[in-house]
Amino acid sequence: MPIRYFIKQLLLPPGILLLLLLVAWWLRRSRPRLAGVCFAIGFGGMWLMSLPVVVQWGAKALEREPPLAREEWATLAQRADAIVVLGSGRERGDLAWGEDQPTGVGLERQRYAARLAKASGLPILTTGGLHYGTPPTEAKLMADSLRDDFGVTVRWQEGESRTTWENARFTADILLPQGIKRVVVVTQAWHMPRSVWSFQQAGFEVVPAPVGFLGTDNARPFGGWLPEFKSIWQSGQLLNEAVGQVGYSLFYR
């Protein structure tokens, strides 16, 4: 798992862009023209990734599912039988808590799922396996947080998956034998199209419940043309998702 993660991070921006900057420095004397090209691509790519307006444009292309209208929350039980919250990694060894914790993205999903569960009465399933082979699972981290932080008890935990495709497949192993085929899927808006497709392929009818929309005007200074460090991370997430959507369409059927 760590080696695969390292390779992925190296080959996708910003990792590949930082690598180009390193190559530019290495070749600055022996191959100055090639070094200049590498520097221009690396620096230019990092600059574009740092712009909130680029994040907004990229997210608009990925966020194809509309938000779930608030007036629909209370009637979700007419359209679905369970809420599925997708895992999003973990913060390892958080010193404030003395143990691993859900990520900020995970907490955003949990909060939304908790509100939907309280409004609709639907039970919740959390998904996500081990990171680096160390317990607890993402599913348990989220289940504990939903109970302790949001006052919602999780009925099922799917603690084996490592990818969105496996989220759907292993969730199907739990829910379909119980006759549960209609699910509300909670994940980030930019991640929702791939999630919906994966769960439909696994045999579910899906009600999308996206959160964390990035393709909106968030009133950034200078119209979003001022670089922000957070935008680099967000751009990386969007690029990873775009690659994932292409990869799923090619390799998963």
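Up top you'll find the structure we're talking about.
Residues numbered from 1 in each chain as written. Predicted model: local features only at pLDDT ≥ 70, side-chain atom pairs only at ≥ 80, totals over all residues. Heavy atoms only, no water.

## Some details on the overall build of the protein
For the protein, the helix and strand inventory stands at 9 helices and 7 strands. Along the first, second and third principal axes, the C-alpha atoms of the protein reach 65 × 45 × 40 Å. The buried share of the protein, taken over its 253 residues, is 46%. Sequence separation of at least 24 residues holds for 72% of the intrachain contacts in the protein that already meet a minimum separation of 6. Accessible surface for the protein amounts to roughly 13,500 Å². Of this, 60% is attributable to carbon and sulfur atoms. (Helix = DSSP H or I, 4+ residues; strand = E, 2+ residues; numbered from the N terminus. Buried < 20%, exposed > 50% of the residue type's maximum accessible area, 1.4 Å probe, protein only. Contact = heavy atoms within 4.5 Å. Areas by Shrake-Rupley, 256 points an atom, 1.4 Å probe, with all protein chains shown as cover.)

## Some remarks on the packing of helix H5 (residues 104-120) against helix H6 (residues 138-150)
Across the interface, H5 lies against H6 with an axial gap of 10 Å and an inter-helix angle of 60°. One finds that H5 runs oblique with respect to H6. Where H5 crosses over H6, the handedness of that crossing is right-handed. Seen from H5, the contacting residues are Leu107, Gln110, Arg111, Ala114 and Lys118; seen from H6, they are Met142, Ser145, Leu146 and Phe150. (Axes fitted to C-alpha atoms, helices over the stretch in contact; angles between N-to-C directions. Parallel < 35°, antiparallel > 145°, perpendicular 65-115°, else oblique. Left-handed = near helix turned anticlockwise from the far one by under 90°.)

## Section: the nonpolar core
Judged by nonpolar contacts, the single largest core of 23 residues is most densely connected at Leu68, Ile83, Tyr112, Leu116, Ile124, Val184 and Val186. Take this core: its biggest share by element is 5 residues, from H5. Ignoring sequence-local partners within four residues, the contact set of Ile124 consists of Ile83, Val85, Ala113, Ala117, Leu146, Val152, Val154, Arg155 and Trp156. (Core = buried A, V, L, I, M, F, W, Y, C linked by side-chain atoms within 4.5 Å.)

## A look at the packing of aromatic side chains
Evaluated as defined, the whole model comprises 9 aromatic pairs. Between Trp165 and Tyr248 the ring centres are 6.4 Å apart and the planes differ by 85°, which places this aromatic pair in the edge-to-face class. Highlighted residues: Trp165 in helix H7 (residues 164-175) and Tyr248 in helix H9 (residues 229-251), separated in sequence by 83 residues. Like Trp165, the residue Tyr248 is buried in the burial classification. Exposure remark for Trp165: the relative accessible area of 11% places this residue in the buried category. Against the face of Trp25 rests Arg28, its NZ or CZ located 4.3 Å from the ring centre. The ring of Tyr248 has Arg194 sitting right over it, with the charged end atom 4.7 Å from the ring centre. (Phe/Tyr/Trp six-rings, centres within 6.5 Å; stacked < 30°, edge-to-face > 60°. Lys NZ or Arg CZ within 6 Å of the ring centre and 35° of its normal.)

## Structural notes on the pairing of strand S7 (residues 205-211)
The buried fraction of S7 is high, at 6 of 7 residues. In this structure, strand S6 (residues 182-188) lies alongside S7, joined through 7 bridges in parallel fashion. From the neighbouring strand, Val185 faces S7, where its bridge partner is Pro208. Handedness of the S6-helix H8 (residues 192-201)-S7 crossover: right-handed. (Pairing = 2+ DSSP bridges. Right-handed = clockwise from strand over helix to strand, strands pointing away.)

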